[in-house]
Amino acid sequence: DIAGVGTIGLHLADLVRSLVCSDENPFNKECFDSSVRTLPADLQRRLTYRKGDAASQVRSLSSADILIVDPPRKGLDAEVVNALLPGGLARRLRLVLYVSCGFPA
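Basis of the calculations
Residues numbered from 1 in each chain as written. Predicted model: local features only at pLDDT ≥ 70, side-chain atom pairs only at ≥ 80, totals over all residues. Heavy atoms only, no water. Helix = DSSP H or I, 4+ residues; strand = E, 2+ residues; numbered from the N terminus. Buried < 20%, exposed > 50% of the residue type's maximum accessible area, 1.4 Å probe, protein only. Disulfide = S-S within 2.5 Å. Salt bridge = Lys/Arg side-chain N within 4 Å of Asp/Glu carboxyl O. Arc of directions from axis to C-beta. Contact = heavy atoms within 4.5 Å. Phe/Tyr/Trp six-rings, centres within 6.5 Å; stacked < 30°, edge-to-face > 60°.

Visitor: Explanation requested: the environment of S63 in the structure shown.
Guide: Mapped onto the elements, S63 comes out in the loop between β3 (47-51) and β4 (66-69). With relative accessibility at 48%, the residue S63 sits in the partly exposed group. Each C-alpha atom of the pair S63 and R91 lies 8.6 Å from the other, and the pair is 28 residues apart in sequence.

Below is the structure:
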């Protein structure tokens, strides 16, 4: 699974085999690492953080079963949307959870 700084994703850590979080904000890795240190060791081993926006993570979608996206107000980049379309890289996905701050996103 791929998620952002972990505000949503880390709540799922005990339900998944692995969880990859990413965000383009350079300060979010420190927040993520701080949160992960509070979890039991068996959960910590499941968690990974990658710096970068959603478009930089598109190749990871080929191995994801569940995707949680919380895009900025502009919505998802075209590269990400194309990966989610039938025939795109995200063929394994069983579930996409799209969190949005408003309908335009």
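Visitor: Would you take a moment to explain the state of the cysteines for this structure?
Guide: Per the counting criterion, the structure on display carries 0 disulfides. Here C21 is not disulfide-linked; the sulfur of C31 is the nearest cysteine sulfur, at 12 Å. Residue class for C31 comes out partly exposed when judged on its relative accessible area of 43%.

Visitor: I would appreciate a short explanation of the pattern of salt bridges in the present structure.
Guide: The final tally for this structure, using the stated rule, is 4 salt bridges. A salt bridge links D65 to R17; its shortest N-O distance comes to 3.6 Å. Linking D65 in the loop between β3 and β4 with R17 in the loop between β1 (2-3) and β2 (19-23), this pair joins segments that are 48 residues apart in sequence. Owing to a relative accessible area of 17%, D65 belongs among the buried residues under this scheme. Classification of R17 as exposed rests on a relative accessible area of 71%. Linking R92 and D65 is a salt bridge whose minimum nitrogen-to-oxygen distance equals 2.8 Å.

Visitor: Looking at this structure, I do not really get helix α1 (residues 28-36). What am I missing?
Guide: Each turn of an α-helix holds 3.6 residues, which means side chains three or four residues apart point in the same direction. Within α1, burial applies to N28, F32 and V36. With its buried residues spanning 70° around the axis, α1 presents them on a single face. Close packing links the buried residues of α1 with β2, α2 (41-44) and β3.

Visitor: Can you help me understand the packing of aromatic side chains in this one?
Guide: Between two aromatic rings, the relevant description is the distance of the centres plus the angle of the planes. Scanning all chains against the criterion turns up 1 aromatic pair. Ring geometry for F32 versus Y49: centroids 5.2 Å apart, planes at 40°, classification tilted. Of this pair, F32 sits in helix α1 while Y49 is found in strand β3, placing the two residues 17 residues apart along the sequence. Comparing F32 with Y49, the two get one shared label, buried.

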